[in-house]
Amino acid sequence: MNVPNKLTVLRLIMVPVFFISYLISLAGFPSAHVVSAVMMFICYAVAELSDLLDGKIARKYNLVTDLGKVMDPFADTLSHLTFFVCFMAYGIMPIWAFIIIMWREFSILFLRMLMMRTGKAMPANIWGKSKTVLYAITSIFSIVYIVASAFVAAGSWNGVYETVLYVLFALSAIASLMSFLTYLSSVFKSGALSGMTR
């Protein structure tokens, strides 16, 4: 297994650790929220850094593999959905936004499996790139809010920040939905699936 794939495995390991870090906040012992927030921040930082590095290393040194092509998007989906589940449970992500994003992610995985059978790649689009950027920005803002809440007393800043988060989650859900519809339209227009037996 090459270095990029090892980094992807590290990202997959960080996913359950992140979830466990969230659960610590429910433990009820003194400083549980502080410990949980710090661990969530560390797990998120490691996961995102490994995601950034694996792609750069794979492209720079021509280490793109069939395993990596499958494992990397799976790690992306698993990590994002886990982050968003924790944010929703924390009370900062609207349920409707999570449902839209979850449906989109599973639907895209299904489309990718179909496209792989045809030997064709999923076409890139601006909505997909916007979705990726918004996921990252929203997750960072959410982690910052969780960490700040553990160290700073509640006040008027909470309401303002939560409004900003709501807007970011809404934009993420919209970009997510639009990227899926654009992918779906491109797939049908290409006729890539027309030869599949039914």
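Quick notes on the rules
Throughout this document, residue positions are counted from 1 along each chain, in the order its sequence is written. Totals for whole chains, interfaces and linings use all residues, but because this is a predicted model, local features are given only for residues with pLDDT of at least 70 and pairs of side-chain atoms are given and counted only at 80 or more. The basis for the side-chain values is all heavy atoms of the structure; hydrogens and waters are excluded. Counting from the N terminus, the helices are the DSSP runs of H or I reaching at least four residues and the strands are the DSSP runs of E reaching at least two. We take the radius of gyration over the C-alpha atoms and set the globule estimate at 2.2 Å times the residue count to the 0.38 power. Burial classes follow relative accessibility: with a 1.4 Å probe on protein chains only, a residue under 20% of its type's maximum area counts as buried, one over 50% as exposed, and anything between as partly exposed. Whether two residues are in contact is decided by their heavy atoms, any of which lying within 4.5 Å being enough. For the accessible areas, the method is Shrake-Rupley and the probe is 1.4 Å, while residue cover comes only from the protein chains on display. Asp and Glu count as negative and Lys and Arg as positive, but His and the ends of the chain are not part of the count. Throughout, a charge is located at the NZ atom of Lys, the CZ atom of Arg, the CG atom of Asp or the CD atom of Glu. UniProt positions are given in the numbering used here, feature names are shortened, and annotations may be inferred rather than shown by experiment. For salt bridges, the criterion is a side-chain nitrogen of Lys or Arg within 4 Å of an Asp or Glu carboxyl oxygen. Note on aromatic contacts: the rings of Phe and Tyr and the six-membered ring of Trp form a pair at centre separations within 6.5 Å, being stacked when their planes are under 30 degrees apart, edge-to-face when over 60 apart, and tilted otherwise.

Colleague: What should I look at first to understand the overall build of the protein chain in this one?
Modeller: Looking only at helices and strands, the protein chain features 6 helices and 0 strands. Overall, the protein chain shows an N-to-C arrangement of helices and strands of α-α-α-α-α-α. Taking 2.2 N^0.38 as the reference for a compact globule, 198 residues should give roughly 16 Å; the C-alpha atoms of the protein chain span a radius of gyration of 18 Å, in line with that estimate. With the C-alpha coordinates aligned to their principal axes, the bounding extent of the protein chain is approximately 60 × 35 × 30 Å. Looking at the protein chain residue by residue over its 198 residues, the buried ones come to 40%. Within the protein chain, counting contacts between residues at least 6 apart in sequence, those at least 24 apart form 77% of the total. In the structure as shown, the protein chain presents an accessible area of about 10,800 Å², 73% of it carried by carbon and sulfur atoms. Each charge class in the protein chain can be summarised by its mean position, and for the 14 positive and 8 negative side chains these summaries are 10 Å apart.

Colleague: Where do I start with the UniProt feature "transmembrane region" (unreviewed entry) in the protein chain in this structure?
Modeller: UniProt marks residues 12-42, 81-111, 132-157 and 163-188 with the feature "transmembrane region" (unreviewed entry), using the numbering shown here. Here residues 132-157 is 85% helix and 0% strand, with 27 Å between the C-alpha atoms at its ends. A helix fraction of 100% and a strand fraction of 0% characterise residues 163-188, whose end C-alpha atoms lie 38 Å from each other.

Colleague: Sorry, what's going on with the pattern of salt bridges here?
Modeller: Proximity of charged atoms lets side chains of opposite charge pair with each other. This model, assessed by the stated rule, comprises 5 salt bridges. With a shortest N-O distance of 2.5 Å, Arg11 and Asp72 are connected by a salt bridge. Here Arg11 is found in helix α1 (residues 3-24), whereas its partner Asp72 is found in helix α3 (residues 66-90), with 61 residues between them in sequence. Given the relative accessible area of 1%, Arg11 is considered buried. Note on Asp72: relative accessible area 22%, which makes it partly exposed. Residue Arg11 pairs with Asp76 through a salt bridge whose shortest N-O separation is 2.4 Å.

Colleague: Please explain the packing of aromatic side chains as it appears in this structure.
Modeller: Describing an aromatic ring pair means giving the distance of the ring centres and the angle of the ring planes. Enumeration over the complete set of coordinates arrives at 12 aromatic pairs. When the ring of Phe84 is compared with that of Phe87, the centres are 6.2 Å apart and the planes differ by 55°; the resulting orientation is tilted. Linking Phe84 with Phe87, this pair stays in helix α3, spanning 3 residues, or about one helical turn. We note that Phe84, like Phe87, is buried. Aromatic pair Tyr145 and Trp157: ring centres 5.6 Å apart, planes at 55°, arrangement tilted. In this pair, Tyr145 is assigned in helix α5 (residues 126-151) and Trp157 in helix α6 (residues 156-190), connecting sequence segments 12 residues apart. Taking the relative accessible area as the measure of exposure, Tyr145 reaches 4% and is therefore buried. Counting every residue linked through ring pairs, the aromatic cluster contains Phe18, Tyr44, Phe83, Phe84, Phe87, Tyr135 and Phe169.

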